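The primary structure of each chain is shown beneath.
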Amino acid sequence: ESHWRLGGNTLLVGRPPTESLDVAPLIEEAVAAATAAGATGQAVTPFVLGFLHEHSDGETRRVNRDLIVDNVDRIVDVTATRVIDWLQRAPSLIVVVTSRQRLRAPGELVLEVPPLGLPPADEREVTGVLASEAARLFVACAPGLVVRADDARTIADLLHRLDGLPLAIQLAASRLSVLDLGQLAQRMDRRFDLLSTSARCTPIHHASMWSAIEWSWSLLSPVEQAGLAQCSAFRRSFPLVAAEAVL
């Protein structure tokens, strides 16, 4: 398989069957064209999608492979337009798209990704804590972490305060290079200041929890922002009837 990172998006093409068209060279050509045209940042992926659309006539029907387009939150409309056209011309093509918004394309199947499973809040056994999805990610992102029997309650509490969010868990685990578990737990009251990374290759909206929230906020219209601000009266998830009461 081949993949390209384009202005914060990822295009990944799976391995083709022997008889199918190999679109990897076409994407290589599209990336080169985008560079030559001076496309940068978030403009690169729409350029590449448009190039593929314009240059695949007569060949698309022979495509029989998977195409993954990652992180299309800011280009949902152009992605949906291209994907719908490709699927009409190449019914055997399978497109997987990751986004906070649905494409609303015909035949679209939606898989919602919830927060990771958490251990019981009062779990005191290490085996019980480490059996949860959130704990397994936490440990995997903290190389060298030795979990002792008396760490179970601390880890369970940390994961609950991080709401089982993968990004928050990864950022918290990265802090174990300078903090121990107890020190990390003590700083959870200031977790938005704590949960960040200085890694240079990290996309800006994954560099901290603040930047992730700001990225999501910027995707909303002014009306949606106003509505969400009013719903900040709720500390956790809330039903529609509760939202209607404050809007």
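In what follows, the structure referred to is the one given above.
Residues numbered from 1 in each chain as written. Predicted model: local features only at pLDDT ≥ 70, side-chain atom pairs only at ≥ 80, totals over all residues. Heavy atoms only, no water.

K.L.:
So what's going on with the overall build of the protein? Which residues, and what values?
P.N.:
Scanning the protein for helices and strands turns up 12 helices and four strands. A burial count over the protein gives 36% of its 247 residues as buried. In the protein, once contacts between residues fewer than 6 apart in sequence are set aside, the share between residues at least 24 apart is 62%. Of the roughly 14,800 Å² of accessible surface on the protein, a fraction of 55% belongs to carbon and sulfur atoms. (Helix = DSSP H or I, 4+ residues; strand = E, 2+ residues; numbered from the N terminus. Buried < 20%, exposed > 50% of the residue type's maximum accessible area, 1.4 Å probe, protein only. Contact = heavy atoms within 4.5 Å. Areas by Shrake-Rupley, 256 points an atom, 1.4 Å probe, with all protein chains shown as cover.)

K.L.:
Which residues make up the packing of aromatic side chains, and what values do they have?
P.N.:
On inspection of all chains with the given rule, the structure shows two aromatic pairs. Between F192 and W210, the aromatic rings sit 4.9 Å apart at their centres with planes inclined by 40°, giving tilted as the arrangement. Linking F192 in helix α9 (residues 191–194) with W210 in helix α10 (residues 209–218), this pair joins segments that are 18 residues apart in sequence. Taking relative accessible area as the criterion, F192 reaches 35% and is therefore assigned partly exposed. (Phe/Tyr/Trp six-rings, centres within 6.5 Å; stacked < 30°, edge-to-face > 60°.)

K.L.:
Describe in detail the side chain of S132, supporting the description with residues and values.
P.N.:
Considering the arrangement of structural elements, one finds S132 in the loop between α4 (126–130) and α5 (133–140). Given the relative accessible area of 7%, S132 is considered buried. At a separation of 3.2 Å, a polar atom in the side chain of S132 contacts the main-chain amide nitrogen of A135. (Polar contact = N/O pair within 3.5 Å; in protein donor to acceptor, adjacent residues only side chain to side chain.)

K.L.:
Describe in detail unusual backbone geometry, supporting the description with residues and values.
P.N.:
Even without glycine at this site, R104 takes up a positive phi of about 60°. Within the element layout of this structure, R104 appears in the loop between β4 (94–97) and α4. Unlike most non-glycine residues, D163 shows phi in positive territory, near 60°. Exposure remark for D163: the relative accessible area of 38% places this residue in the partly exposed category.

K.L.:
Before we move on, can you summarise the side chain of E123 with the specific residues and values?
P.N.:
Tracing the sequence through the fold places E123 in the loop between β4 and α4. Despite its burial, E123 pairs with no opposite charge, the nearest such side chain being R124 at 8.1 Å. In this structure the side chain of E123 is engaged in a polar contact, spanning 2.9 Å, whose partner is the backbone nitrogen of E125. Apart from residues no more than four positions distant in its own chain, E123 is found in contact with G128, V129, A152, R153 and A156. (Lys, Arg positive; Asp, Glu negative; His and termini not counted. Salt bridge = Lys/Arg side-chain N within 4 Å of Asp/Glu carboxyl O.)

K.L.:
Which residues make up the layout of surface pockets, and what values do they have?
P.N.:
Here the second largest pocket defines a volume of roughly 190 Å³. Forming the walls of the second largest pocket are 14 residues, and the residues nearest its centre are L145, L176, L179, D180 and L181. Residues that form the lining of the second largest pocket fall into these classes: nine nonpolar, two polar and three charged. (1 Å grid on protein atoms, 1.4 Å probe; cavity = no way out; pocket = protein on both sides within 12 Å on 5 of 7 lines; lining within 4 Å. Points joined across faces, edges and corners; volume = space filled by probe spheres on them. Nonpolar A, V, L, I, M, F, W, Y, C, P; charged D, E, K, R; others polar.)

K.L.:
Just give me the short version of the pattern of salt bridges, but keep the residues and values in it.
P.N.:
Enumeration over the complete set of coordinates arrives at five salt bridges. The shortest N-O distance in the salt bridge between D163 and R236 comes to 3.6 Å. Here the residue D163 occupies a position in the loop between α6 (152–161) and α7 (166–174), and R236 occupies one in the loop between α11 (222–230) and α12 (240–246), the gap between them amounting to 73 residues. When salt bridges with common partners are traced through the structure, they connect R148, D150 and D151 into a single cluster.

K.L.:
Please set out the packing of α5 against α6 residue by residue, giving values where relevant.
P.N.:
Put simply, α5 and α6 touch, their axes get as near as 10 Å, and they point 105° apart. By the angle class used here, α5 and α6 are roughly perpendicular. Taken together, the residues of α6 that come into contact with α5 (itself represented by A134, A135 and F138) are I155, L158 and L159. Residue classes in the contact of α5 with α6 are distributed as six nonpolar, no polar and no charged. (Axes fitted to C-alpha atoms, helices over the stretch in contact; angles between N-to-C directions. Parallel < 35°, antiparallel > 145°, perpendicular 65-115°, else oblique.)

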